[in-house]
Amino acid sequence: MSETIHHPLDDAATDPFEVAARAARDIARLTGVEHHDIALTLGSGWGKAADLIGETTATIAATEVTGFSKPALAGHVGSLRSILTPKGTRVLVIGARTHYYEGHGVRRVVHSVRTAAATGARTMVLTNGAGGIKSTWSPGQPVLISDHINLTGDSPLEGATFIDLTDLYSTRLRDLARRVDPSLDEGVYCQFRGPQYETPAEVRMAKTIGGHIVGMSTALEAIAARQAGMEVLGFSLITNMAAGIQTTPLSHQEVIEAGQQAEPVISALLARVIGEL
Ligand code: 8IG
């Protein structure tokens, strides 16, 4: 009950890694799994992948875990799952992303990533639904994230924490993904604050500065994952062409429908890639 009036991450004096360590202990207790190897955040369109990765040994409500906020959107599942792959790898599936545009601060945005690291995960797989800028792409197409441009003006790092982001989106893991599907293209992800979609001028800016994908997540999470020493793999499902690239208005409904169309194919792809990690 006190959670609604006080959130553990809102207190500047509280160490967010301490909160993540508590969350990891909650997960170990509630799932019966002491240690996870890989963490996977499922964005729009990627939800079905969890079923194909392996056997779900536990599903827990995110609200049962220290520091997890309630999801803002009905389409975002507020649960955490522990999956055992055929190889014996333990995968923590995070179906409860907190978006920066919710306005609860970057600590809450990256809490799931820090928690995943605290459960022992060394690999962070981040997926999202996003807008596409490259003219060769079409809605429903999955692409690899090769790099990002963080346009939020914010950071999960606090104080003089200088973190190297060269090869943030691991070349090794992208190569591995392309061995599973050689047709996978890749691009630079631009994280906008949202929640409004971009203006056509903002999309032209993103293109000019080297962006290929526009979205509202992932970059801040990837930074936190690297800070935690994890290897990052990122996938975007292009659910729509970015504003001005497509001439018709963007709608959330269109995004949901493109996600549903692509879901079986991209989920199978993701499950195969996870199987190779
Ligand atoms: I799904 O076109 C999805 N998410 N910023 N722009 C931004 N986020 C998105 C978009 C898009 N499509």
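Treat the numbers as computed from the prediction; the structure is a model and nothing was measured.

A.B. asks: Which residues make up the pattern of salt bridges, and what values go with them?
C.D. replies: What the rule picks out here adds up to 12 salt bridges. Measuring nitrogen to oxygen at the nearest pair gives 3.0 Å for the salt bridge that ties Asp51 to Arg81. Remark: Arg81 occurs in strand β3 (residues 79–84) and Asp51 occurs in helix α2 (residues 49–53); sequence separation between them is 30 residues. Of the residues examined, Arg81 reaches a relative accessible area of 19% and is grouped as buried.

A.B. asks: Hey, could you go over the site of the ligand for me, with residue numbers and the actual values?
C.D. replies: Around the ligand sit Gly129, Ala130, Gly131, Tyr197, Glu198, Val214, Gly215, Met216, Thr239, Asn240, Leu250 and Val255, and those are all the residues in its vicinity. With respect to the ligand, the backbone of Gly131 contributes an N or O atom lying 3.5 Å from a nitrogen atom. Between the ligand and Glu198 there is a distance of 2.4 Å, counted from a nitrogen atom to a side-chain nitrogen or oxygen. When isolated, the ligand has an accessible area of 320 Å², and the protein chains bury 95% of it. If one sorts the elements of the shell around the ligand by residue count, strand β5 (residues 123–132) sits on top with three residues. Residues belonging to the shell around the ligand are distributed by class as follows: six nonpolar, five polar and one charged.

A.B. asks: Please provide a residue-by-residue account of the side chain of Thr66, values included.
C.D. replies: For Thr66, the location among the structural elements is in the loop between β2 (55–61) and β3. Since its relative accessible area comes to 16%, Thr66 is described here as buried. Beyond its immediate sequence surroundings of up to four residues, Thr66 is in contact with Pro8, Val19, Arg22, Ala23, Asp26 and His111.

Cut-offs applied
- Residues numbered from 1 in each chain as written.
- Predicted model: local features only at pLDDT ≥ 70, side-chain atom pairs only at ≥ 80, totals over all residues.
- Heavy atoms only, no water.
- Salt bridge = Lys/Arg side-chain N within 4 Å of Asp/Glu carboxyl O.
- Helix = DSSP H or I, 4+ residues; strand = E, 2+ residues; numbered from the N terminus.
- Buried < 20%, exposed > 50% of the residue type's maximum accessible area, 1.4 Å probe, protein only.
- Near = heavy atom within 4 Å.
- Polar contact = N/O pair within 3.5 Å; in protein donor to acceptor, adjacent residues only side chain to side chain.
- Areas by Shrake-Rupley, 256 points an atom, 1.4 Å probe, with all protein chains shown as cover.
- Nonpolar A, V, L, I, M, F, W, Y, C, P; charged D, E, K, R; others polar.
- Contact = heavy atoms within 4.5 Å.

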